[in-house]
Number of protein chains: 2
Amino acid sequence: MKTPERTRKKPGSRVREKLVETAADLFYRRGIENVGINEVIERSGVARMSLYYHFASKDDLISAVLDHAAEIRLKALEESAEKGTDPRSRLLEIFRSLKGIVENEGFRGCAFINAATERADPSDPIHEQVARYKSALRGIFARLAREAGVPQPDLLAWQLLFLWDGALTEAYVQQRADLVDAAISAAETLVCSSRSSSGSGR
Amino acid sequence: MKTPERTRKKPGSRVREKLVETAADLFYRRGIENVGINEVIERSGVARMSLYYHFASKDDLISAVLDHAAEIRLKALEESAEKGTDPRSRLLEIFRSLKGIVENEGFRGCAFINAATERADPSDPIHEQVARYKSALRGIFARLAREAGVPQPDLLAWQLLFLWDGALTEAYVQQRADLVDAAISAAETLVCSSRSSSGSGR
DNA sequence: GATTATATATAGATAAGTCTGTATGATATT
DNA sequence: AATATCATACAGACTTATCTATATATAATC
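What you are looking at is a predicted structure, and each value in this text was computed from that prediction instead of being measured.

Caption draft 1: Quick peek at the overall build of chain A. Within chain A one finds 10 helices and zero strands. Taken from the N to the C terminus, the helices and strands of chain A come in the order α-α-α-α-α-α-α-α-α-α. Structurally, chain A occupies a C-alpha span of about 60 × 35 × 30 Å along its principal axes. The proportion of buried residues among the 202 residues of chain A is 41%. Pairs at least 24 apart in sequence give 60% of the contacts found in chain A among residues at least 6 apart.

Caption draft 2: Spotlight on helix H3 (residues 37–44) of chain B. Residues and elements named next belong to chain B. For H3, every residue scored as buried is listed here: Val40, Ile41 and Ser44. Seen along its axis, H3 keeps its buried residues to an arc of 90 degrees; they face one direction. Across from the buried face of H3, at angles greater than 90 degrees, the exposed residues are Asn38 and Glu42. The inward-facing, buried residues of H3 contact helix H2 (14–30) and helix H4 (48–54).

Caption draft 3: Focus on the relation of the copies chain B and chain A. Of the transformation superimposing chain B on chain A, the axial component is 0.0 Å and the angular component is 180 degrees, with the fit at an RMSD of 0.1 Å. Both copies of the chain, as the preceding transformation shows, are related through a two-fold rotation axis. For chain B, the minimum C-alpha distance to the rotation axis belongs to Gly166 of chain B and amounts to 2.2 Å. When the interface residues of chain B are mapped onto chain A, 100% of them are again interface residues, pointing to one common binding face.

Caption draft 4: Expanded view of the protein's contact with DNA strand D. DNA strand D sits among 18 residues. The nearest are Ala47, Met49 and Ser50 of chain A together with Gly36 and Lys58 of chain B. Those elements that place two or more of their residues in the surface near DNA strand D are helix H2 (14–30) and helix H4 (48–54) of chain A together with H3 and H4 of chain B. Top contributing element to the surface near DNA strand D by residue count: H4 of chain A, with four residues. For the surface near DNA strand D, the residue count by class is eight nonpolar, five polar and five charged.

Caption draft 5: Fine view of the protein's contact with DNA strand C. Neighbouring DNA strand C are 21 residues, the closest being Gly36 and Lys58 of chain A together with Val15, Ala47 and Ser50 of chain B. Of all the secondary-structure elements, those providing two or more residues to the surface near DNA strand C are helix H3 (37–44), H4 and helix H5 (58–81) of chain A together with H2 and H4 of chain B. Per-element accounting of the surface near DNA strand C gives the leading share, five residues, to H4 of chain B.

Caption draft 6: Looking closely at the nonpolar core. Grouped together as the largest cluster of nonpolar side chains are 117 residues, with contacts concentrated most on Leu163, Ala167 and Ala183 of chain A together with Leu163, Ala167 and Ala183 of chain B. In this view, Ala183 of chain B contacts Phe162 of chain A together with Phe95, Leu98, Leu163 and Ala167 of chain B; residues no more than four positions away in its chain are not counted.

Caption draft 7: Here's a closer look at the packing of helix H6 (residues 87–103) of chain B against helix H10 (residues 180–193) of chain B. All names here are of chain B. Axis separation between H6 and H10 bottoms out at 9 Å; the angle between their running directions is 170 degrees. Taken together, H6 and H10 sit at an angle that is classed as roughly antiparallel. Two secondary-structure elements touch here, H6 through Arg88, Leu91, Leu92, Phe95, Arg96, Leu98, Lys99 and Val102 and H10 through Val180, Ala183, Ile184, Ala187, Glu188 and Val191. Taken together, the residues of the contact of H6 with H10 sort by class into 10 nonpolar, no polar and four charged.

Caption draft 8: A look at the environment of Val180 of chain B. Residues and elements named next belong to chain B. Within the fold, Val180 resides in helix H10. Residue Val180 is classed as buried on the basis of its C-beta count, with 26 C-beta atoms lying within 10 Å. Val180 sits 159 residues away from Glu21 along the chain, and the two C-alpha atoms are 27 Å apart. Once residues lying within four places of it in the same chain are set aside, the contact partners of Val180 are Leu98, Lys99, Val102, Ala167 and Ala171.

Caption draft 9: Structural context of the interface of chain B and chain A. With 39 residues of chain B at the contact, the number on the chain A side is 39 residues. For the side of chain B that touches chain A, the element with the most residues is helix H9 (residues 153–173) of chain B, which contributes 13 residues. Taken together, the residues of the side of chain B that touches chain A break down into 19 nonpolar, 12 polar and eight charged.

Cut-offs and rules
Residues numbered from 1 in each chain as written. Chains lettered and ligands numbered in written order. Predicted model: local features only at pLDDT ≥ 70, side-chain atom pairs only at ≥ 80, totals over all residues. Helix = DSSP H or I, 4+ residues; strand = E, 2+ residues; numbered from the N terminus. Buried ≥ 20, exposed ≤ 12 C-beta atoms within 10 Å, placed from the backbone. Contact = placed C-beta atoms within 7 Å. Arc of directions from axis to C-beta. Least-squares fit on C-alpha atoms with pLDDT ≥ 70 in both. Near = placed C-beta within 6 Å. Nonpolar A, V, L, I, M, F, W, Y, C, P; charged D, E, K, R; others polar. Core = buried A, V, L, I, M, F, W, Y, C linked by C-beta atoms within 7 Å. Axes fitted to C-alpha atoms, helices over the stretch in contact; angles between N-to-C directions. Parallel < 35°, antiparallel > 145°, perpendicular 65-115°, else oblique.

Listed below in structure tokens is the structure:
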């Protein structure tokens, strides 16, 4: 059974980093299954066998790419949240950061949803990884909702996650970055409808 | 240049129908790009050249499959809406029908979003088809919202579409059909927050 | 009615290209 | 010497689409 944990062993290598970054970009922009190993190594300027030295398989590379993407994205969202002064505004700041995401050149929806879609089999390890990322994102929502004192923080967190995913998806499908404004206003409605005992009107 | 409009000419053929139905099932359950035409014809019990007689290419078959799926889905949603007595409840009835959709054995998210995701290139004709379907769905939302007399029916329609897409996506990613309850309650919140002058509180 | 044409369907072989992963050996780098 | 990287060639398994030849059944025409 190969050695699937080779990935975690030597995380610090310039070649390895280059492979992950290049693959992350290619996989996102063109779809994981539409990008072959050959293209990854050509664009990385790395030898074929160097890839298979660092990664047991293409799946192993994909896994590393998703880990990398999750780390970056979650960190960026936490930073966006810090722009808000109270929990409620921190929640909305995260949603406002959607704008920058979808306006990005080459935006193509949520990388994690895309990955889960391309791998149709729900028992594929990728699915667990995607579910974990989405749970982490939902965890941020839930934490802020709890801090804001809303009555059902977990419910609100799920609802905000639906809005998040839906906005990313439609901005991609309809090719319209401005749609996120509607998502932001929906988030405001949901957040403000979940009143705590003490709160400011809008 | 062959004759690409052959598809539309003779829509009524048992073999053709069988191909579309079989492909629709296989494409949805396993992903379009993960299913070869070999499998489609084997499962259909149809000869290879019969497929290429009715369809110019695999892409042409995919297009027919999406048309077929859109027709069925939109019709079913209109029927769900009829269970409601007034525009507002008709909107919510559509959302309640989500439950049955995600509880379906082999549920794998939205077939149209999945198709758009697998075809990464936004200029792929499939994208237009997917966008058209989503616009039709949003059109249903917007019509009912207008009939309900909400102040910004188009805005509400987009927001409901985000919820719709997000709920389908997360129910798939997290493999939890019960999540749609949270989406239904969010829809209620949004619909009821978009008050018309005369309306009942909740 | 007999003949001819057209539409539909089948069968199998195969072209031409894709893909992942491996085998092998040489070469740097530390 | 051990680790890391490179360069090429290759195996084997896929893919879509094409080609050729054949079988029916219906429709058009003489």
